[in-house]
Amino acid sequence: MSEEYQGSGKMNFRRDMFILIFVITVLAIFLDRIGFNTSQVIATSILAAAVIGTLLFWSFRVAIAFMGIGTLLITKTMDIPHFIEFASLDVILFLVGMMIIVGMLKDVGFFRWLMIKIVKITNFEAGKLIFVFCILSAFLAMAIDEVTSIIFVTAVLLEITDYFDVNPVPYVIACVMATNIGSSGTVLGNPIGILIAMRGGLSFEEFIVWSFPVAMMSLVMTILVIFIWYKNDIALFRSKIRLKMRSTEKLAFQDEWEFVPDRTEFKIGLAIFVGTIVLIAMHRRLETLFDLPHNTLLLFSSLIGSSMVMFWKRTKAREYIEKDVDWWSLVFFMMLFAIGGTLKFTGTTDIIAKAVSGLASGTPVLATMILWISSIGSSILDNVVLVAALIPVVESFNNLGVYTYPLWWALLFGGCYGGNITMVGSTANIVALGILEKRKRYSMSFLKWFWIGLVVGGISTLIANIVLVFLIPYMPR
C-alpha cells in the first residue's frame, strides 16, 4: 500500500490505539476463557495485533511486526530456530530475484516499448484501446507482478488520456481491476501466489491448469462490466479521438523504440527474462527428472536469472539490489510470515481448523467458506496480510485428514479478487491511485471505487466459487 495514503496524518492516533488495545485485550480474555493455553493466547493475540495494527497504522507496520516478533521470542512462545523456519526465506529470496530481473527490464526500456507497441496496434480506437489495456494489464501482471505492471500501464495510460484530453479515472480503475484479476493467473502475478505455491506445493503448470482459466473467465466478465459501467466515458473518449484525428494529419505519439537506450541490451535482457520464465514453468518436471526437493528449481530459477543480470550489468548490480528490491515490504512479509507460523507451532491453527471443519459439511462448503472469507477480508486488509494469517489454518486442515488441495485455490482467488472491492484492498490499487493523485491531483472517493469494485469483486468471486466447486471432483488427490 502507499505510504502517502495511509501515512497522510488523517488517522486519530489516540482513538486508533485505544481500539487496538481494547480489541486485543478482549480477544485475550475470551481465548483464555474458552480454554486456550498461555502460548496460544499470546500467539493469537500477537497475530491479531499485527493484523489490526497494520490496518490502523499502516505506516508503522514494520515496527508493529518487529514488536510482535520480539514479544513472541521474549515470552518463549516461539524460539529463534522456528522463527527462521517460519520467516519463509525461500519466498523472500524468490521475490528478491524477480525484483532484480524486473528492475533490469525497466532499465532496458522493455515495459514502455511493450505498452506503446500494443497501443499503436489499436490505431487509437477507443473501445479497442480500453480492451487491449485491460488484457495487457492482466497478462503483464501474470508475467511479472501486479505492482510493476500497474506502474507502467498507468504511466502510459495517463500519457494517452492527456494527449486526447479525457478523464483518466475510469480507465485507471479498469486497468487496476484487470491487473488484480490477472495476478491470480500464474504463480508470478502476486506475492500471495508465490506464498501459496510454496506452502501448498503447487507448480507453475498447476496454476495454468486450475487458476489461469478461472482468471480468464473473470477477466472477460470484468471487461464486460467495465464497458457497460463506463459506456458514456468510452463514447466521449471515442469522440475526442475523432476530433483530434480531424484536426491533425497524423497522430503524434512516441515511437516505441524511443525508450530503448540500446537494442542489443534490450534483446539480452529479454532473453534472460524469457529463460527465467521457462525455467519457472518447467520447475516441477525438472525437479521430478533430477529427483530434487519441491520448489528447489523454482527458487533456483529466480536466483540464477538475477545473478546473470548482476554479472551482465555489474556496474548497476548494487543499484538493482538497493533501489529495485522493495526491502521495506519484504522485511514486513518475513515478520508477518513468522508471526502466522507461530499459530501452527503452538497448535492454535489445529483448534481453529477443527472448529471450522465442524461447521462445514464437506470440501465444497469448506472451500466456499475460505473463498468468501479471504475475498471479504482482502477488501479490508492487504491481501498478503490476510493470506499469511490464513495459510497456517489451511495447513492444519491437512492434519485433520481434510482434502486441502481446493482450499489453496480458494485462498488464492479470494485474496486476489477481493482486492478489487475497495480502493485499499490491493497494493496495485493504492499504487495506481497514488500515481493518479500525484500526476493529476485527483483524490478518489471511497464510494466512486466501491460500487464498481463490489460488482467486479463479487462477480469474479462468484465465478471462482462456481468453477471451484464444479472442479473439485476432478482435482488431484
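Residues numbered from 1 in each chain as written. Predicted model: local features only at pLDDT ≥ 70, side-chain atom pairs only at ≥ 80, totals over all residues. Heavy atoms only, no water.

Observations concerning the overall build of the chain
Line of reasoning, step 1. Of the regular secondary structure elements, the chain holds 24 helices and zero strands.
Line of reasoning, step 2. Over its C-alpha trace the chain gives a radius of gyration of 23 Å, about what one expects of a compact globule, namely 23 Å for 477 residues.
Line of reasoning, step 3. Counting only C-alpha atoms, the chain reaches 80 × 50 × 45 Å along its principal axes.
Line of reasoning, step 4. Relative to its full complement of 477 residues, the chain shows a buried share of 57%.
Line of reasoning, step 5. Carbon and sulfur atoms provide 67% of the accessible area of the chain, an area that totals close to 20800 Å². (Helix = DSSP H or I, 4+ residues; strand = E, 2+ residues; numbered from the N terminus. Rg over C-alpha atoms; globule rule 2.2 N^0.38 Å. Buried < 20%, exposed > 50% of the residue type's maximum accessible area, 1.4 Å probe, protein only. Areas by Shrake-Rupley, 256 points an atom, 1.4 Å probe, with all protein chains shown as cover.)

What to know about a nonpolar patch on the surface
Line of reasoning, step 1. Side chains of Trp-229, Phe-446, Leu-447, Trp-451, Leu-454 and Val-455 sit close together on the surface and give an oily, nonpolar patch of about 570 Å² of accessible area.
Line of reasoning, step 2. Of the residues forming the nonpolar patch, the biggest block, five residues, is contributed by helix α24 (residues 446–471).
Line of reasoning, step 3. The topology assignment puts Trp-451 in helix α24.
Line of reasoning, step 4. A relative accessible area of 46% means that Trp-451 is categorised as partly exposed. (Patch = residues over 30% accessible without salt bridge, like charges linked within 9 Å, V, L, I, M, F, W, Y side chains within 5 Å. Salt bridge = Lys/Arg side-chain N within 4 Å of Asp/Glu carboxyl O.)

Quick notes on the packing of helix α9 (residues 146–164) against helix α23 (residues 427–440)
Line of reasoning, step 1. Axis separation between α9 and α23 bottoms out at 9 Å; the angle between their running directions is 30°. Between α9 and α23, the angle falls in the class roughly parallel. Between α9 and α23 lies a crossing of right-handed hand. Taken together, the residues of α23 that come into contact with α9 (itself represented by Glu-146, Val-147, Ile-150, Ile-151, Thr-154, Ala-155, Leu-158, Glu-159 and Asp-162) are Thr-427, Ala-428, Val-431, Ala-432, Ile-435, Leu-436, Arg-439 and Lys-440. (Axes fitted to C-alpha atoms, helices over the stretch in contact; angles between N-to-C directions. Parallel < 35°, antiparallel > 145°, perpendicular 65-115°, else oblique. Left-handed = near helix turned anticlockwise from the far one by under 90°. Contact = heavy atoms within 4.5 Å.)

Side note on the environment of Ser-426
Line of reasoning, step 1. Structurally, Ser-426 can be placed in the loop between α22 (405–417) and α23.
Line of reasoning, step 2. Judged by relative accessible area, Ser-426 falls into the buried class, the value being 0%.
Line of reasoning, step 3. For the pair Ser-426 and Val-467, spaced 41 residues apart in sequence, the C-alpha to C-alpha distance is 23 Å.
Line of reasoning, step 4. Setting aside its immediate chain neighbours within four residues, Ser-426 contacts Glu-146, Asn-180 and Gly-419.
Line of reasoning, step 5. At 2.9 Å, the side chain of Ser-426 and the side chain of Asn-180 are in polar contact. (Polar contact = N/O pair within 3.5 Å; in protein donor to acceptor, adjacent residues only side chain to side chain.)

Description of the packing of aromatic side chains
Note on aromatic pairs: each is described by the distance of the centres and the angle between the planes.
Line of reasoning, step 1. For the structure on display, the rule yields 23 aromatic pairs.
Line of reasoning, step 2. Ring centres 5.2 Å apart and planes at 45° place the aromatic pair Tyr-171 and Phe-237 in the tilted group. Taken as a pair, Tyr-171 in helix α10 (residues 169–182) and Phe-237 in helix α13 (residues 231–247) lie far apart in primary sequence, 66 residues in all.
Line of reasoning, step 3. Since its relative accessible area comes to 4%, Tyr-171 is described here as buried.
Line of reasoning, step 4. A relative accessible area of 2% places Phe-237 in the buried class. (Phe/Tyr/Trp six-rings, centres within 6.5 Å; stacked < 30°, edge-to-face > 60°.)

Notes on unusual backbone geometry
Line of reasoning, step 1. In the Ramachandran plot, Asn-295 falls in the positive-phi region, its phi being about 75° despite a non-glycine side chain.
Line of reasoning, step 2. Phi is positive for Arg-441, which is not a glycine, with a value near 55°.
Line of reasoning, step 3. Along the chain, Arg-441 falls in the loop between α23 and α24.

Any functional reading would require information beyond the geometric quantities listed.
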